[in-house]
Each structure stands twice: as C-alpha cells, then as structure tokens.
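Each chain, written out:
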Amino acid sequence: MCIKVDGDEALRAANRPGVDAVATGSGVAWTPAQLQETLLLTQRLEDVARACGDWIWETDERHRYTWAHGATLAMPAPRIGDVIPRGRVVNWLGEPEAPARDFHGVLALGEPIVRLVTEEQANGQTYYVSRSAVALLHADGSLRGYRGSARDVTQSIEAKAQLWRRDEALRLAKEQAEASSQAKSVLVSKMGHELRTPLNAIVGLAQLIQMRSAPGDRASVEGWIAQIAKTGWHMVDLLDMLMELGRAGAVNALIPSQPIDVVEAVCDAMHMVEREALARSITIAFHGAAPVLAMGDRRAIRQVLVNLLNNAIKYNREGGWVRLDVTDGAQTRIDIQDTGPGLSDEQIGRLYRPFERLGAETSDVQGHGLGLLICKELLASVGGTIEVRSTLGQGTTFTVSLPAPECCAQAAVRVPCKASDGHRSSCRAA
C-alpha cells in the first residue's frame, strides 16, 4: 500500500486558527469539525505509538527525517534533517541476511516494509530496530519518502538468540546421546571382532599341541604354550581397554597418553600375527631404531598395529611381504607397506565405514570390516592420525602418526626380536 500526500495540506491548514473551511489541492473543502477530527485521530495514533514503545517517523526521498515523534529511552531521538540509519538488515536472531543488504537499499525499492529488523550503532553500542512503513508518493506517482513506525527490539533479539543457542545446545546434546547409544552397540560388535583374532590363535595353537605331543616336540610345544599365554594376556588387555572406553561413555573418548616405545609395540604386534604370516609365507621386515618414543597408550597402539598387520597379511598375495618403518621427528611415524592388490580412490573413500569390506565379503578372506574403523578411533583417542597411500596393483601403505614426547632421550638395550624365520627385525627388550 502507498499513500499520496495530497491530504497533508489539510493537516497543515488545521493549525491555522479562524478558518471555517479549507480547500485542499484535490478541491475538497475541510470544515473545522473535520479538521479537529483529523487532529484527534493524529493524537490518538501518537498516544498509541507512545504507549507501545514505538516512535513514528517520516523521511524524504533522500532518506532524511522530515518528521519524527517519540523516542526510545535507550537510543538517541531522531532529529529532523538527519539521515535515517543505514543499518544492515538482519533476521530475528540478529544474523545478517544473505545476500547482505542495508536499510537504505530497502528504502530505494519504494515498497512497503513490514517488521524489518536492522542492526545499528549508537553511542558505542549495538541496537536492533524493527521498522514498518509505507511509501509516500507525489501526485504523479514518484516516490517522496516513507512514513512508518519503529521499535527498539534489542532485548527481544538477544533473548531470542539466547533461546535459540540453548535449544541448539539441547539438540546437539540429544544427537550426541543418540550417537553415543548407537556407538555402544557398535562397540560390542567391534570388540567381538577384536577378541576373535586372539581366540583363533589360542585355538589353533592348542590344536597343534594336541597333534604334536611326542617327546621330541617339547621345544615346539613350549613355544606354542608361551604364545597361548601371550595371546591370552592380549585378550585381557583388550577387555581392560573395553572397560576404560565404557567408563568414558563413548567410543571415541580420550584415553590417557604417556610416553611409550613404538618399537616395542611393533615387536609385540609382529609376535601376535606371526602365525598368520607363516601360514601364507608372508615375510615381515621391520626397519627402525630402538627405542623410538611417542605419546599414546600401549594397548591402543598395539591393537592398531595388530589390525593393520592382519589386513596386510590377509589381503596380500601368497609369498608377498610387509615392511614396517618407524621414524621420529615432530611426530612419530609408523609406515606399514604391503604387496597386496592396492586400492582405488573410490575404495579409499569408503575405507573407514563400519562393516565396509570393499568387495572382500564375496571372497574367502575372513573379516567384519571394523578393523580400520577401530584403528582410526583408537588413534583419535590418543591424538594420533592414520593416512593411506595406494596404487592399484602396487600395494598399499598405511601411515600412523603419533605425537612425539618433549623428551625422548632414554637408554635402551637392543636384543633380537623373537619373530619367525620370515621376520627380520630387532626390538628393545620388554
């Protein structure tokens, strides 16, 4: 709706006393009673505006105040001749519109304004003002300015923003609680997967003991029994880690970190998978100086390495090799390279999804598609990361990065690593 200004002449004439009738530009005569009624209506509108906390304003085509009535206690009163604040247009949370625009740009459109909120600066403070207005037109239809009302809505905007932030925090908390509940269900599956590997080793070694019980095999039997004991203790460590994660209340909870010897963790992981490597004639070569310290959790890092080595063996070619390298620096790096079939970019993009086996589910290779996801989460829990580089037909390299401790200078004794004939490495004594 737009208002033509022809009637303004009658309002001005009403202030001239002793006039029985006033002729307006449209040729209509106004009697004193009509003028008084018009003035009374004007007074009523002003009183209503004052009562509801609004102020009334009028501008010309150059956005200068030509009339203003009433003012807020907080903001400075509008003055005739001042340019109405440009103010950027915001929503009812105080957020700028996209694309951005200011109040002068809105006025230039010559369209009605309804509860438009702008952010303005006055006396070093930020205010939010809601305005509604109609365009004023000359008799020829050209824009002469605007007439409308304004209200200080700073407190309302701030209250709405605070309420929105609270609701958003509650929503995020709800989503986190739901994710935590789902994560606990996934955790049960994950730990079942992780316990299956050492259980398979225990069962396999026990079967070997049953088949080779002759006196001449005493040394072999003792070695298998030692491996059973070591694998059993690994299961105990896994259960301890499960309880720690359960107490934290989330799968990716932070695990307390301390300086650990990465070379020792590598050696332990190699012992855990040597049976699988020998079964497929996989050679595992380890190159690294001992000790190399990093910040982490011994059980978590060892579990990551076991998972990665298991994958490097399972998905490798018969008679292939796996090479491990440990380097220190700003971060401690563990590279695990294999001679497997490699991965495409599309497969790498799906690598850490739960239960994702990248097509291996149709093969005879056992697995549940959780090992790499566990690696990523365990590393995140100790401030580490995992990266992968791969080329189809040329193998894959996983790189584990761990925070290096401030001081890594510790003495160490190097002894041969008790690995199978296919392993070439040396590790610090446990």
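Small disclaimer: the values here were computed from a predicted structure and weren't measured.

J.: Explain the confidence of the model for the chain residue by residue, including any values.
T.: On average, residues of the chain carry a pLDDT of 78, and 73% of them reach 70 or more. In the predicted structure, residues 247–251 sits below a pLDDT of 50 and forms eleven contacts with residues beyond four places in sequence or in another chain. Segment residues 418–430: pLDDT under 50, and 42 contacts once partners within four positions in sequence are set aside and those in other chains are kept.

J.: Describe the pairing of strand β9 (residues 143–152), with residues and values.
T.: Pairing between strand β4 (residues 54–60) and β9: seven bridges, direction antiparallel. Within the sheet, the bridge partner assigned to W57 lies in β9 and is G148. By the bridge criterion, nine bridges tie strand β8 (residues 125–137) to β9 in an arrangement that is antiparallel. Looking at β9, one finds that A135 is bridged to Y146.

J.: Which residues make up the environment of L351, and what values do they have?
T.: Within the element layout of this structure, L351 appears in the loop between α8 (345–349) and α9 (371–381). Residues L351 and L373 lie 22 residues apart in sequence; the distance between their C-alpha atoms is 8.1 Å.

J.: Before we move on, could you go through the packing of helix α7 (residues 298–314) against α9 and cite the residues and values that matter?
T.: The geometry of α7 relative to α9 is characterised by a closest axis approach of 9 Å and an angle of 155° between their N-to-C directions. Between α7 and α9, the interaxial angle falls into the category roughly antiparallel. Crossing of α7 against α9: the hand is left-handed. Contacts between α7 and α9 involve A300, I301, Q303, V304, N307, L308 and N311 on the former and, on the latter, G371, L372, I374, C375, L378 and L379. The residue inventory of the contact of α7 with α9, partitioned by class, reads nine nonpolar, four polar and no charged.

J.: Tell me about the nonpolar core, and please be specific about residues and values.
T.: One finds V266, L308, I334, I336 and L402 to be the most contacted residues of the largest nonpolar core, which totals 45 residues. For this core, the secondary-structure elements that each account for two or more residues are α6 (262–279), β11 (283–287), α7, β13 (321–327), β14 (331–338), α9, β15 (385–390) and β16 (396–403). Sequence-distant contacts of L308, that is, excluding residues within four places in its chain, are made with I336, L372, C375, I386, F398 and V400. Core analysis: the second largest hydrophobic core is formed by 18 residues, Y65, M75, V106 and A150 among them.

J.: Please give an account of α6 that cites residues and values.
T.: Each α-helix turn comprises 3.6 residues. Residues three or four places apart therefore point the same way. Here α6 contains 18 residues, and its C-alpha end-to-end distance of 26 Å stays within 8% of the 26 Å for a straight helix at 1.5 Å per residue. Along α6, the sharpest change in direction is near 50° and occurs at V273. By the criterion of burial, α6 is predominantly enclosed, with 14 of the 18 residues buried. Sitting at the amino-terminal end of α6 is D261, which places a side-chain oxygen 3.1 Å from the backbone nitrogen of V263. Remark: S281 follows α6 within two positions and exhibits a positive phi of approximately 55°.

Quick notes on the rules
- Residues numbered from 1 in each chain as written.
- Predicted model: local features only at pLDDT ≥ 70, side-chain atom pairs only at ≥ 80, totals over all residues.
- Heavy atoms only, no water.
- pLDDT = per-residue confidence, 0-100.
- Contact = heavy atoms within 4.5 Å.
- Pairing = 2+ DSSP bridges.
- Helix = DSSP H or I, 4+ residues; strand = E, 2+ residues; numbered from the N terminus.
- Axes fitted to C-alpha atoms, helices over the stretch in contact; angles between N-to-C directions.
- Parallel < 35°, antiparallel > 145°, perpendicular 65-115°, else oblique.
- Left-handed = near helix turned anticlockwise from the far one by under 90°.
- Nonpolar A, V, L, I, M, F, W, Y, C, P; charged D, E, K, R; others polar.
- Core = buried A, V, L, I, M, F, W, Y, C linked by side-chain atoms within 4.5 Å.
- Buried < 20%, exposed > 50% of the residue type's maximum accessible area, 1.4 Å probe, protein only.
- Expected span 1.5 Å × (residues − 1).
- Bend = angle between axes of the 7 residues up to and from the residue.
- Polar contact = N/O pair within 3.5 Å; in protein donor to acceptor, adjacent residues only side chain to side chain.

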